[in-house]
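Letter by letter, the chains look like this.
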Amino acid sequence: MQTDFATSFYIFVLATFLGLEVIRRVSPLLHTPLMSLTNAISAIALVGSIVITGQQRDTLSTVLGTIAVTASTINVVGGFMITDRMLRMFKKRTPAPKSGPAATGKPENGQPGRS
Amino acid sequence: MNEAFVQIAYLVASVLFILALKWMSSPATARRGVLAGELGMVLAIVGTLLKPEVQHYQWIAIAIVIGSAIGIPMAMMPMTAVPQRTALSHAFGALAAALVGTAEYYLHTPHIPRFTMGALVLEVILGSLTFTGSLMAFGKLQELLPGRPITYKGQNIVNLTILGLALLLATALVVNPQHQAIFPLIIGLSLIFGVLLIIPIGGADMPTVISLLNAYAGLSAAAMGFVLDNKLLIIAGALDGSSGLILSIIMCKAMNRSFANVLFGAFGQLQTAAAGTTEQRTVRSASPEEAAAILESAQSVFIVPGYGMAVAQAQHKVRELYDALTKRGVDVRFAIHPVAGRMPGHMNVLLAEADIPYDRLLEMDDINPEFPQADVALVIGANDVTNPAARHDKTSPIYGMPILDVDKAHTVMVIKRGMSPGFAGVDNELYYMDKTMMLFGDAKSFVGDMVKELSGGSGLH
């Protein structure tokens, strides 16, 4: 396990900065799906768990790795699915001619809702 | 060759993850974002399985099958259960980080470079405390545990001592890697700290705490990236961490409180003594029929939903009310406070589930200037976020908290079970204003009665 820490730190700091900039722009409307999406993305820990489990170096690491793969898979599968499920519910439909803030010219999502 | 493919797959995955978050900025592109995230994840997994050091596949396959079997039903939970589901998934993410860290430690000790060891103990501490902390949050949200904050004398000192001890031992282990017996102690202390951290947290603070746990889970994944020298993990963890951080800051601002105050302040408990100073004041109450008649003749109605609407599962009845009023030409909009509910964006998801178009859901800053033009503000299950005392009463515990300007509407209606004070234990002066009508009853059945009145009672006008 040789690590180039300077490079890793650069990446960490830049990714955090980028994350702050990108996420600042997320509409509060979508804060719940945002949280479940980032949760699913950070379940990329699955990658580390797979490496540990796949090496099968000794019983302890294999057992811990297997549990870790299970836990991360739950988040990957469940996280992406529920995020999509939530987003499908967000529909735009400006009723009648109203003087609301409404229509900013964004394209209609066009996705049929599920119930 | 293989290694080059893995690196390219990881790089593309990182870009896709960033795009995924970028596309979350608008509901119009958000689903594309999920797709990008999924693609990135598939690429990363395939790349990893091709790594030369991954030799054995049977346990990986079994774990992935079990994980999917648990993950799919968890994605099917009803929307009202989203806060507890989120807490649970923070717990799983943190558990994976803690376990991988532990496995790495025992595989390589005592030949672990000092920097790597530092990242490893951080990964394990953050992972462990987030694991138990998120389980506790889950227990409280699922009402397996009492939701009220539990406090005792010297609580903060006990908590900080335990965390300090864990950090001290971690430092000792980094300096002196041969003391292997210390490692389980660090895990144990972190697990205990996670439990103790959430014990004094009450329901209204959950949005902040869930965001904070989100940030911790992300940081522990990033720390794992440092340990395994995996850039993709570092990037994904950093993105998750910054997202949690931003949400926590937004939640704190929306309550005018600091992190420290949320974590160590034990809100609900403190202020109960402050209430009860008011003498008996009279309120005006109204029946569903009277309320429906007023709503019907209004031009514009602002509905203010709160956690009470979620508890009563009233969102579908609210949708019927929205339909009935819209059909009569009433302009109905929803005013959403950032901390309404139990997690960031909770109300939006519930109302979207009930098929209310999202362009009718307005954030506090956008809708507040319009309250003076509203004929009726209908408060359903919200309390502290509507209390005008936050604006002017310096002695009030919620003083300074940004609120929805409900009191500026021409008429205010509040659906409430009884006159009990809100979470902060503060009496709401909104209820005693001349223009306020209290609608006593369960949110779901009261709204249902109003809908019945609006649809059946055509002779009202």
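1. A short note on the overall build of chain B
In terms of helices and strands, chain B carries 18 helices and 6 strands. For a compact globule of 461 residues, the expected C-alpha radius of gyration is about 23 Å, and chain B comes in at 25 Å, within 12% of that figure. Each principal axis of the C-alpha atoms in chain B carries an extent, and together these give about 80 × 50 × 35 Å. Contacts in chain B between residues far apart in sequence, at least 24 positions, make up 79% of those at least 6 positions apart.

2. So, the overall build of chain A
Along chain A, the regular secondary structure elements total 4 helices and 0 strands. Listing every helix and strand of chain A by position from the N terminus yields α-α-α-α. Expressed as a percentage of its 115 residues, the buried residues of chain A come to 52%. Restricting to contacts in chain A with at least 6 residues of sequence separation, those with at least 24 account for 54%.

3. Topic: the packing of helix 3 (residues 45-55) of chain A against helix 8 (residues 206-228) of chain B
Closest axis-to-axis distance for the helix 3 of chain A/helix 8 of chain B pair is 9 Å, and the angle between their directions is 40 degrees. It follows that helix 3 of chain A is oblique to helix 8 of chain B by the angle criterion. As helix 3 of chain A packs across helix 8 of chain B, the resulting crossing turns out to be left-handed. Residues A:Ala45, A:Gly48 and A:Val51 of helix 3 of chain A lie in contact with helix 8 of chain B, whose contacting residues are B:Ala221, B:Met224 and B:Leu228.

4. Regarding the nonpolar core
In terms of nonpolar packing, the biggest core is built from 196 residues, with A:Ile44, A:Ala45, B:Ile186, B:Leu233, B:Val304 and B:Ile380 touching the most fellow members. At 16 residues, the largest contribution of residues to this core is made by helix 8 of chain B. Aside from chain neighbours lying at most four places away, what touches A:Ala45 is A:Ser72, B:Gly93, B:Ala96, B:Ala97, B:Val100, B:Ala221, B:Met224 and B:Leu233.

5. What about helix 5 (residues 114-141) of chain B?
Residue and element names in this part refer to chain B. Taking 1.5 Å of rise per residue, 28 residues should cover 40 Å, and helix 5 covers 40 Å from first to last C-alpha, within 8% of that figure. Of all 28 residues in helix 5, 24 are buried, a share of seventy percent or more. Following helix 5 by one or two positions, Glu 143 adopts a phi angle in the positive range, close to 65 degrees.

6. As for the interface of chain B and chain A
With 102 residues of chain B in contact, the opposing surface of chain A contributes 91 residues. For the side of chain B that touches chain A, the element with the most residues is helix 4 (residues 82-108) of chain B, which contributes 16 residues. Residues of the side of chain B that touches chain A, tallied by class, amount to 59 nonpolar, 28 polar and 15 charged.

7. Some thoughts on the domain arrangement of chain B
All names here are of chain B. Under the domain assignment used here, chain B contains domain 1 (1-72), domain 2 (80-269) and domain 3 (288-460). For domain 2 versus domain 3, the distance between C-alpha centres works out to 36 Å. Tallying the contact residues gives 20 residues for domain 2 and 17 residues for domain 3. Mapped onto the side of domain 2 that touches domain 3, the elements with two or more residues apiece are helix 4, helix 8, helix 9 (231-255) and helix 11 (267-271). A per-class count over the side of domain 2 that touches domain 3 returns 13 nonpolar, 7 polar and no charged.

8. Concerning the sheet that holds strand 5 (residues 411-416) of chain B
Adjacent strands of a sheet pair through backbone hydrogen bonds, lying either parallel or antiparallel. All names here are of chain B. Spatial strand order, 3-2-1-4-5-6: 6 strands in an open sheet with parallel pairing. The outermost strands of the open sheet, each flanked by one partner alone, are strand 3 (361-363) and strand 6 (436-440). Strand after strand, the sheet turns through a mean of 25 degrees between neighbouring axes, direction not considered. Sheet topology places strand 4 (residues 376-380) next to strand 5; 5 bridges connect them, and they run parallel. Residue pairing for strand 5: Val 376 is matched across the bridge by Thr 411. Where helix 14 (residues 315-327) meets the sheet, its contacts fall on strand 1 (300-305), strand 2 (331-336) and strand 4, and the angle it forms with strand 2 comes to roughly 145 degrees.

9. Section: the pairing of strand 2 of chain B
All names here are of chain B. Across the 6 residues that make up strand 2, a large majority, 6, are buried. Neither face of strand 2 is left uncovered, since the one carrying Asp 331, Arg 333 and Ala 335 and the one carrying Val 332, Phe 334 and Ile 336 both have all their residues buried. Sheet topology note: the strand 2/strand 3 ladder contains 3 bridges and is parallel. When the sheet's bridge partners are listed, Phe 334 is paired in strand 3 with Leu 361. Read as a crossover between parallel neighbours, the route from strand 2 over helix 15 (residues 346-353) to strand 3 is right-handed.

10. Side note on the pairing of strand 4 of chain B
Residue and element names in this part refer to chain B. With 5 of 5 residues buried, strand 4 lies mostly within the body of the structure. Burial of strand 4 is two-sided: the residues Val 376, Leu 378 and Ile 380 facing one way and the residues Ala 377 and Val 379 facing the other way are all buried. Across 5 bridges, the pairing between strand 1 and strand 4 is parallel. Counterpart to Val 301 in the pairing with strand 4 is Val 376.

11. Observations regarding unusual backbone geometry
Going from B:Thr109 to B:Pro110, the amide bond is cis rather than trans, its omega being 0 degrees. Mapped onto the elements of the fold, B:Pro110 is located in the loop between helix 4 and helix 5.

12. Brief notes about the packing of helix 5 of chain B against helix 7 (residues 182-198) of chain B
All names here are of chain B. Orientation of helix 5 relative to helix 7, taken along the N-to-C sense of each, is 35 degrees, at an axis distance of 7 Å. The way helix 5 lies across helix 7 gives a crossing that is right-handed. Along the contact surface, helix 5 presents Val 121, Val 124, Ile 125, Ser 128, Leu 129, Thr 130, Phe 131, Thr 132, Gly 133, Met 136 and Ala 137, while helix 7 presents Ile 186, Ile 187, Ser 190, Leu 191, Phe 193, Gly 194, Val 195, Leu 197 and Ile 198. Class assignment of the residues belonging to the contact of helix 5 with helix 7 gives a composition of 14 nonpolar, 6 polar and no charged.

Cut-off values and rules
- Residues numbered from 1 in each chain as written.
- Chains lettered and ligands numbered in written order.
- Predicted model: local features only at pLDDT ≥ 70, side-chain atom pairs only at ≥ 80, totals over all residues.
- Helix = DSSP H or I, 4+ residues; strand = E, 2+ residues; numbered from the N terminus.
- Rg over C-alpha atoms; globule rule 2.2 N^0.38 Å.
- Contact = placed C-beta atoms within 7 Å.
- Buried ≥ 20, exposed ≤ 12 C-beta atoms within 10 Å, placed from the backbone.
- Axes fitted to C-alpha atoms, helices over the stretch in contact; angles between N-to-C directions.
- Parallel < 35°, antiparallel > 145°, perpendicular 65-115°, else oblique.
- Left-handed = near helix turned anticlockwise from the far one by under 90°.
- Core = buried A, V, L, I, M, F, W, Y, C linked by C-beta atoms within 7 Å.
- Expected span 1.5 Å × (residues − 1).
- Nonpolar A, V, L, I, M, F, W, Y, C, P; charged D, E, K, R; others polar.
- Domains from an automatic or database assignment.
- Pairing = 2+ DSSP bridges.
- Right-handed = clockwise from strand over helix to strand, strands pointing away.

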